[in-house]
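Remarks on the overall topology
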Amino acid sequence: AHPRQGGGMLPFMDPDVYGRSLMECSSFIASSAFSDPSVVGRGFLARLSGSTAEFLSIWKLMFMGPNPYIVNDDGDVEMQLIPALPIWLFEDLEAGAEGTRDDEGNLIVSFKIFASIMVTYHNTLGTDLYDVAPKRYVVNMEDGSTVDVEGSSIPTETAVQIRKLLGVESIDVYY
């Protein structure tokens, strides 16, 4: 396993050490002293604890970068996704985790932004993506059209459509 794996962040812990499935990331667990026996041992999440807020902040920084929306020199908003993702989140052969690849053989990882737009990073470099600007974006619209963007940022009109969830289905980002 990679030296940064196995630390205190829940997604990278050993389930045997954690004592249960990593999907059971509970803020608290009902003890045997609880009056309803059907709830004993069940895990519960706080609505927004400090650790949950911290984890979401870390996740955003790792997957979208510190400033997904920027203001260009003309004062217009643009979108720029500059993640901080180690290669072992794409593929970790030492741990037996073979990565997912696109049709060109590039390692990919996907996530959703704004709960509905699938974003797929295509790691054409096959390396860690730390402070690496995208080479190209393909924004796939719900009507079947695409917006091809060469360069590191998505221009204003499309950036606003993404932010306002106006007809955007998915985004493919190439590094």
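Reference entry: report on the structure contained in this document. Every value quoted in this text rests on a predicted model; they were computed, and no experiment measured them.

**Things to note about unusual backbone geometry**
For Phe114, which is not glycine, the phi torsion reads 55 degrees and is therefore positive. Turning to its location among the elements, Phe114 is positioned in the loop between strand S7 (107-113) and strand S8 (117-123). Its identity is not glycine, yet Leu165 carries a phi of approximately 55 degrees, on the positive side. Position of Leu165 relative to the elements: it lies in the loop between helix H3 (156-163) and strand S12 (168-174). Since its relative accessible area comes to 40%, Leu165 is described here as partly exposed.

**Things to note about H3**
Of all the residues in H3, the buried ones are Thr158, Ala159 and Ile162. The arc enclosing the buried residues of H3, seen along the axis, measures out at 105 degrees, which places them on a common side. Positive backbone phi, approximately 55 degrees, marks Leu165, located one or two places after H3.

**Overview of the sheet that holds strand S11 (residues 146-150)**
With mixed pairing, the 6 strands of this open sheet are ordered in space as S6-S7-S8-S12-S10-S11. Sheet topology places strand S6 (100-101) and S11 at the edges, where each strand pairs with a single neighbour. Looking at chain direction, strand S10 (residues 136-141) and S12 are connected through 6 bridges and run antiparallel. Looking at the pairing, Met141 lines up with Val168 of S12.

**Points about the packing of aromatic side chains**
Scanning the model with the defined rule gives 5 aromatic pairs in all. Judged by centre distance (5.2 Å) and plane angle (65 degrees), the ring pair of Phe111 and Tyr121 falls under edge-to-face. Of this pair, Phe111 sits in strand S7 while Tyr121 sits in strand S8; the two residues are 10 residues apart in sequence, bridging distant segments of the chain. Both residues of the pair, Phe111 and Tyr121, count as buried. Three or more aromatic residues joined by ring pairs form one cluster here, namely Trp59, Phe63, Phe111, Tyr121 and Tyr175.

**Here's the deal with the pattern of salt bridges**
On inspection of all chains with the given rule, the structure shows 2 salt bridges. As a salt-bridge pair, Glu91 and Arg101 come within 3.2 Å of each other at their nearest N and O atoms. Here the residue Glu91 occupies a position in the loop between strand S5 (84-85) and S6, and Arg101 occupies one in strand S6, the gap between them amounting to 10 residues. Residue classification places Glu91 among the buried positions, given a relative accessible area of 15%.

**Quick word on the nonpolar core**
Of all hydrophobic cores here, the largest spans 26 residues; its most connected members are Leu81, Ile113, Val119, Tyr121, Ile162, Ile171 and Val173. Within the residue set of this core, elements represented by two or more residues are helix H2 (50-64), S7, S8, S10, H3 and S12. If one sorts the elements of this core by residue count, S7 sits on top with 4 residues.

Rules behind the numbers
Residues numbered from 1 in each chain as written. Predicted model: local features only at pLDDT ≥ 70, side-chain atom pairs only at ≥ 80, totals over all residues. Heavy atoms only, no water. Helix = DSSP H or I, 4+ residues; strand = E, 2+ residues; numbered from the N terminus. Buried < 20%, exposed > 50% of the residue type's maximum accessible area, 1.4 Å probe, protein only. Arc of directions from axis to C-beta. Pairing = 2+ DSSP bridges. Phe/Tyr/Trp six-rings, centres within 6.5 Å; stacked < 30°, edge-to-face > 60°. Salt bridge = Lys/Arg side-chain N within 4 Å of Asp/Glu carboxyl O. Core = buried A, V, L, I, M, F, W, Y, C linked by side-chain atoms within 4.5 Å.

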